[in-house]
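Summary of structural features
What follows is each chain in one-letter form.
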Amino acid sequence: VQLVESGGGLVQPGGSLRLSCAASGFTFSSYDMSWYRQAPGKERELVAAIFSAGGRTNYGDSVKGRFTISRDNAKNTVYLQMNSLKPADTAVYYCNARWVGAIRRYDYWGRGTQVTVSS
């Protein structure tokens, strides 16, 4: 199983970035996909999630209206479009794949990509 994030970097406040997470080694379309982030000295927090069934999405309060999560099941890839970026968005962003069944749960993580918002 692999989750490989890309698209991070340095951007000025108000700018945009698009993160990608390429997945392999599991049935991507069956998994709920999420982006989390962790800033120095802070706990990892949920940024956005997109569910396998119906494509329903969920966002953390701090990013609602600015970030958009999407997925392409044909390409086994999940995206995070980040607009109107703020210095507070600076963090390592991690991709997560999760499948929860009646008696089993699978949880996979990428290694993360750094996003720095600074002038």
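Each remark here, short or long, concerns the structure printed above.
Here goes a summary of the coordinates provided. Since the structure is predicted, the reported quantities are computational estimates derived from the model, not experimental observations.

Counting 29 residues, the largest nonpolar core has Met33, Trp35, Val78, Leu80, Met82 and Tyr93 as the members making the most contacts within it. Of all the secondary structure elements, the ones that give two or more residues to this core are strand S3 (17-24), strand S4 (32-38), strand S5 (45-50), strand S7 (67-72), strand S8 (77-82), strand S9 (91-100) and strand S11 (113-117). Not counting residues within four places of it along the chain, the set of residues in contact with Val78 comprises Leu19, Ser20, Cys21, Phe28, Met33, Trp35, Ile50, Ile69, Ser70, Arg71 and Cys95.

Moving on, we come to the packing of aromatic side chains. Summed over all chains, the structure comprises 6 aromatic pairs. Taking 5.9 Å as the distance between ring centres and 25° as the angle between the ring planes, the aromatic pair formed by Tyr31 and Tyr108 counts as stacked. Here Tyr31, found in the loop between S3 and S4, pairs with Tyr108, found in strand S10 (residues 105-109); they are 77 residues apart in sequence, far enough to count as distant. A relative accessible area of 8% means that Tyr31 is categorised as buried. Assessed through its relative accessible area of 21%, Tyr108 is described here as partly exposed. Measuring from ring centre to ring centre gives 5.8 Å for Trp99 and Tyr106, while their planes differ by 40°; the resulting arrangement is tilted. Tyr106 gets classed as partly exposed once you look at its relative accessible area, which sits at 31%. Through a chain of ring-to-ring contacts, three or more aromatic side chains come together here, namely Phe26, Phe28, Tyr31 and Tyr108. A cation over an aromatic ring shows up here: Arg44 above the ring of Trp109, its NZ or CZ 4.7 Å from the ring centre. Over the aromatic face of Phe28 sits the side chain of Arg71, whose NZ or CZ is 4.7 Å from the ring centroid.

So, about the pairing of S4. In terms of residue burial, S4 counts as a mostly covered element, since 5 of its 7 residues are buried. Pairing of S4 with S9 involves 7 bridges; the strand directions are antiparallel. Note that in S9 the partner of Arg37 across the bridge is Tyr93. Two elements, S4 and S5, share 5 bridges in a ladder whose sense is antiparallel. Each bridged residue has a counterpart across the sheet, and for Trp35 the counterpart in S5 is Ala48. Counted between consecutive antiparallel strands, the loop separating S4 from S5 contains 6 residues, among which Gly41 sits at a positive phi close to 80°.

On to the state of the cysteines, then. Within this structure, the stated rule accounts for 1 disulfide. Here Cys21 connects covalently by a disulfide to Cys95, the sulfurs 2.1 Å from one another. In this structure the cystine formed by Cys21 and Cys95 twists about its S-S bond by roughly -85°; its chirality is therefore left-handed. Taken together, the residues span a long stretch of sequence, with Cys21 in strand S3 and Cys95 in strand S9 at a distance of 74 residues.

The rules we used
- Residues numbered from 1 in each chain as written.
- Predicted model: local features only at pLDDT ≥ 70, side-chain atom pairs only at ≥ 80, totals over all residues.
- Heavy atoms only, no water.
- Core = buried A, V, L, I, M, F, W, Y, C linked by side-chain atoms within 4.5 Å.
- Buried < 20%, exposed > 50% of the residue type's maximum accessible area, 1.4 Å probe, protein only.
- Helix = DSSP H or I, 4+ residues; strand = E, 2+ residues; numbered from the N terminus.
- Contact = heavy atoms within 4.5 Å.
- Phe/Tyr/Trp six-rings, centres within 6.5 Å; stacked < 30°, edge-to-face > 60°.
- Lys NZ or Arg CZ within 6 Å of the ring centre and 35° of its normal.
- Pairing = 2+ DSSP bridges.
- Disulfide = S-S within 2.5 Å.

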